[in-house]
Every structure is written in C-alpha cells, then in structure tokens.
Amino acid sequence: MTDTKALELAIFQAIESYNTIIIHRHVRPDPDALGSQGALASVIRATYKDKAVYTVGEGTADLPFMQVESDDISEGHYQQALVIVCDSANQERIDDQRYLLAEKIIKIDHHPNTDPYGDISWVDPSMSSASEMVAKWCKDFEDQLIIPQKAAQQLYYGIIGDTGRFLYDATSDHTFEMAAYLKRKGADPASAGRDLDQISPEVAQLLAYVLEEAKISPNGLAYVTLTESLLRRFKVSEADSSQIVPYLGKISTVKAWIVFVQQKDGSTRCRMRSKGVVINDIASQFRGGGHPLASGAKVLNDEEKRAIIKAVDKKLAQEV
Ligand SMILES: [Mn+2]
C-alpha cells in the first residue's frame, strides 16, 4: 500500500469514527478552499445522515455560487470532534484558530509542506488543488460514499479556480482525470467556467486602469500598485481586486508580474505570478511564500517594495 493510499484510508476511517466533524478553510477563501471544504461536507452529510458536519470560516460575499455556509458554532462543539483543514499550508492562515480544540486534526493540502501539522497530514504538492485531492479521495472510496451533484460541482470550481481553467503548470493528467470524473458525477463545466470567469462592472473598470498603468520592465516584469483610495474610487474590495491578477500575464512580453495592494495597516500585499522563473524563494524573503510560479508576499515600505521588484527583475534578467 502506498503512502497516499494509507493516508486516504486513515482519513476515511477517522471520518467514519467521529460523530462531529468540523471542516476549516484558509482565510480569504478562494474557490479551491471553499470547494474542497464544501464538497467534503456535502459528501459526509449525504453519506452519514447521523453525523453533525459543520463548515466554518468567515463568510465571503463574492463567491455565492460555491454554496458553502459559515456555520456559527461554539467551543463546545470541538469536544471529541474531528477537524479537517483544507487547502491551508500554514497554521496561521487557518480561518478560525479554534481548530486546535479538536480531538483529532487532519490536514489536506497541496502547497509545499513548510508547516506540517495535524494528526493525519495528507500533503501532495503534485496536485493542482486541494479539490483535486478531495476528488481523488471521493473516487477511491466511491463504493462507500454518496457523492452528490453539488459536491462534484464544488470540486470542479476548486480545480478550475486553482488551475485557471487548466491553464497553469500544476494541471496534470490526473487533474483532467478528476475533472472527467466530476463531470460524470454531475458537474457542469460550462456554468462553472462562466461563474468563475465573470467580473463585475467595477472590476472591469479597475482592469482597464491596471492595463493602462502597469509598468513593464525590459526584462518582462510587470507591476502595478492598487492603493486604498484607488480601490475606494473603483468601489472594488481588496478581495475582489485579486480578479485582475491573471490579466497582466496575458501580455506576451510579460514574464512575471506583481500586483501590489495597499492594506489598511500600512503594509502592502504582493500578489506575484510568473510564467517560468521560480519566484516563491523571493516571496519567502518578504514574509510570504507559496507555489513556485504563484506566490504572495508582504512589504512594509517603499524601500522593500523597490527591493522585491529588483529581486524578481534581476532573476528574469539572469534567465534571458
Ligand atoms: Mn488551493
């Protein structure tokens, strides 16, 4: 039995043996966080009618089609409970730190395992998404599980969210196999693609600004800064501003790009992407990390901002 099989079985057995199961996601949830969390809940609820299953984490207004509740539960619920944390690489990013109160904790994640936690830890960076992992788990135990159409759709959202609709390097043959499986289970790729691809008129206006104002260095680094007042002017929330990030990569001369987003506390969040040059090592030097080609970081002042621009630009120059 391979490691993965053993881990998947351990997760299945833990779910079978607990009556209360609380599923967590990361803060500022994306479709993968919500999809893996929501689908696990949907599947466990459909399969085991007598178990109490909760999904926790701050609500998010911009992804209503994901259909994941933010259940309001007390500390008491965690007594003798099983917690499953989805798509959360490090513990501080877990939404709702009460997960620590659980009797048993399971980590299911696809980011590099820089912060191992949990009694059972299934971490596989070869997977495009936590949703792809949950889809695999569902398929491997499908004889014992009921997989509702809603769960298939939630996982499909998660996979296309993290792969940019099968665009990014993390998309493997296994990703497509899981997508095909979810389609067979009732996922609707056309409606899912439309839901995730849509932007509001406000974000469209912001996008026009970004494409106009972004600087592109001779080495192919594009960057743009979204200040708080700018987001207010365009009536776009900090969370919604992330929707413009992929668009800079559509420009053929751009090899890597950074979207700086000013935060209320005066720091600046850096959303970093690359088409080939690894950037998560640079992100980790600036309070961040993530995937090799898609990372996040934080700079505290203009000097650090210039430094991170210079670091990525220099790396691009060396690649030429
Ligand atoms: Mn993810």
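Residues numbered from 1 in each chain as written. Predicted model: local features only at pLDDT ≥ 70, side-chain atom pairs only at ≥ 80, totals over all residues. Heavy atoms only, no water.

Caption draft 1: Quick peek at the coordination of the manganese ion. Distances from the manganese ion to its protein donors, Asp32 (OD), Asp87 (OD), His110 (NE2) and Asp162 (OD), fall at 2.1 to 2.3 Å. Residue class for aspartate 87 comes out buried when judged on its relative accessible area of 2%. (Donors = N, O, S within 2.8 Å, 3.2 Å for Na, K, Ca; no water. Buried < 20%, exposed > 50% of the residue type's maximum accessible area, 1.4 Å probe, protein only.)

Caption draft 2: Structural view of the pattern of salt bridges. Under the criterion given, the structure shown has 12 salt bridges. Across the salt bridge formed by aspartate 140 and lysine 5, the nearest N and O atoms sit 3.7 Å from each other. Of this pair, aspartate 140 sits in helix α3 (residues 130–140) while lysine 5 is found in helix α1 (residues 3–17), placing the two residues 135 residues apart along the sequence. With relative accessibility at 34%, the residue aspartate 140 sits in the partly exposed group. Taken together, the shared-partner salt bridges connect Lys5, Glu8, Lys136 and Asp140 into one network. (Salt bridge = Lys/Arg side-chain N within 4 Å of Asp/Glu carboxyl O. Helix = DSSP H or I, 4+ residues; strand = E, 2+ residues; numbered from the N terminus.)

Caption draft 3: Representation of the sheet that holds strand β3 (residues 82–86). Pairing in this open sheet of five strands is parallel, and the strands run β2-β1-β3-β4-β5 from one edge to the other. With partners counted over all chains shown, the strands left at the sheet margins are β2 (52–55) and β5 (120–123), one partner each. Direction aside, the axes of adjacent strands within the sheet are offset by 15° on average. The pairing of strand β1 (residues 20–24) with β3 spans four bridges and is parallel. By the bridge assignment for β3, isoleucine 22 is matched with valine 83. Strand contacts of α1: β1, β3, β4 (104–109) and β5, with the helix running at about 130° to β5, the strand carrying the most contacts. (Pairing = 2+ DSSP bridges. Axes fitted to C-alpha atoms, helices over the stretch in contact; angles between N-to-C directions. Contact = heavy atoms within 4.5 Å.)

Caption draft 4: Broad picture of helix α5 (residues 173–184). Taking 1.5 Å per residue as the helical rise, α5 with its 12 residues ought to reach 16 Å, and the 17 Å between its terminal C-alpha atoms agrees with that figure. Listing the buried residues of α5 in full gives His174, Thr175, Met178, Ala179, Tyr181 and Leu182. For α5, the buried positions fall inside an angular range of 160° around the axis, keeping them on one side. Away from its buried face, by an angle of more than 90 degrees, α5 presents the exposed residues Asp173 and Arg184. (Expected span 1.5 Å × (residues − 1). Arc of directions from axis to C-beta.)

Caption draft 5: A look at the side chain of lysine 51. As for its placement among the helices and strands, lysine 51 is situated in the loop between α2 (31–47) and β2. A polar atom in the side chain of lysine 51 sits 2.8 Å from the backbone oxygen of glutamate 16. Reaching out from lysine 51, the side chain makes a polar contact with the backbone oxygen of tyrosine 18 at a distance of 2.9 Å. Contact partners of lysine 51, with chain neighbours within four places excluded, come to Ile15, Glu16, Ser17, Tyr18, Asn19, Ile21 and Ile44. (Polar contact = N/O pair within 3.5 Å; in protein donor to acceptor, adjacent residues only side chain to side chain.)

Caption draft 6: A look at the state of the cysteines. If you walk through the whole model with that rule in mind, you get zero disulfides. Free of any disulfide, cysteine 86 has its nearest cysteine sulfur in cysteine 138, 11 Å distant. (Disulfide = S-S within 2.5 Å.)

Caption draft 7: Summary view of the domain arrangement of the protein. Looking at the assigned domains, one finds that the protein contains domain 1 (3–197) and domain 2 (201–319). For domain 1 versus domain 2, the separation of C-alpha centres amounts to 28 Å. Contacts between the two partners involve seven residues from domain 1, matched on the other side by eight residues from domain 2. Between domain 1 and domain 2, a total of about 610 Å² is buried, with carbon and sulfur atoms accounting for 43% of that surface. Interface area lost by domain 1 to domain 2 is led by Arg28, Asp62 and Pro112, which between them contribute 58%. At the boundary of domain 1 with domain 2, the tally comes to one salt bridge. Counting across the domain 1 and domain 2 interface gives two residue pairs in polar contact (both at pLDDT 80 or more). Within the side of domain 1 that touches domain 2, the residues separate by chemical class into two nonpolar, two polar and three charged. (Domains from an automatic or database assignment. Buried area = accessible area lost by both parts, 1.4 Å probe. Nonpolar A, V, L, I, M, F, W, Y, C, P; charged D, E, K, R; others polar.)

Caption draft 8: Inspection of the packing of aromatic side chains at higher detail. Here the structure, examined in full by the defined rule, presents eight aromatic pairs. Measuring from ring centre to ring centre gives 6.3 Å for phenylalanine 12 and tryptophan 137, while their planes differ by 50°; the resulting arrangement is tilted. Here phenylalanine 12 is found in helix α1, whereas its partner tryptophan 137 is found in helix α3, with 125 residues between them in sequence. Take phenylalanine 12 and tryptophan 137: they sit in the same class, and that class is buried. Arranged with centres 5.8 Å apart and planes meeting at 45°, the rings of tryptophan 137 and phenylalanine 141 form a pair that is tilted. (Phe/Tyr/Trp six-rings, centres within 6.5 Å; stacked < 30°, edge-to-face > 60°.)

Caption draft 9: The pairing of β1, seen in detail. In terms of burial, β1 is largely enclosed, as five of its five residues are buried. Residues Thr20, Ile22 and His24 line one face of β1 and the alternating positions Ile21 and Ile23 line the opposite face, and both faces are buried. Pairing analysis gives four bridges linking β1 to β2, with the strands arranged parallel. Bridge assignment links threonine 20 to a residue of β2, and that residue is alanine 52. Running through α2, the crossover from β1 to the neighbouring parallel element β2 is right-handed. (Right-handed = clockwise from strand over helix to strand, strands pointing away.)

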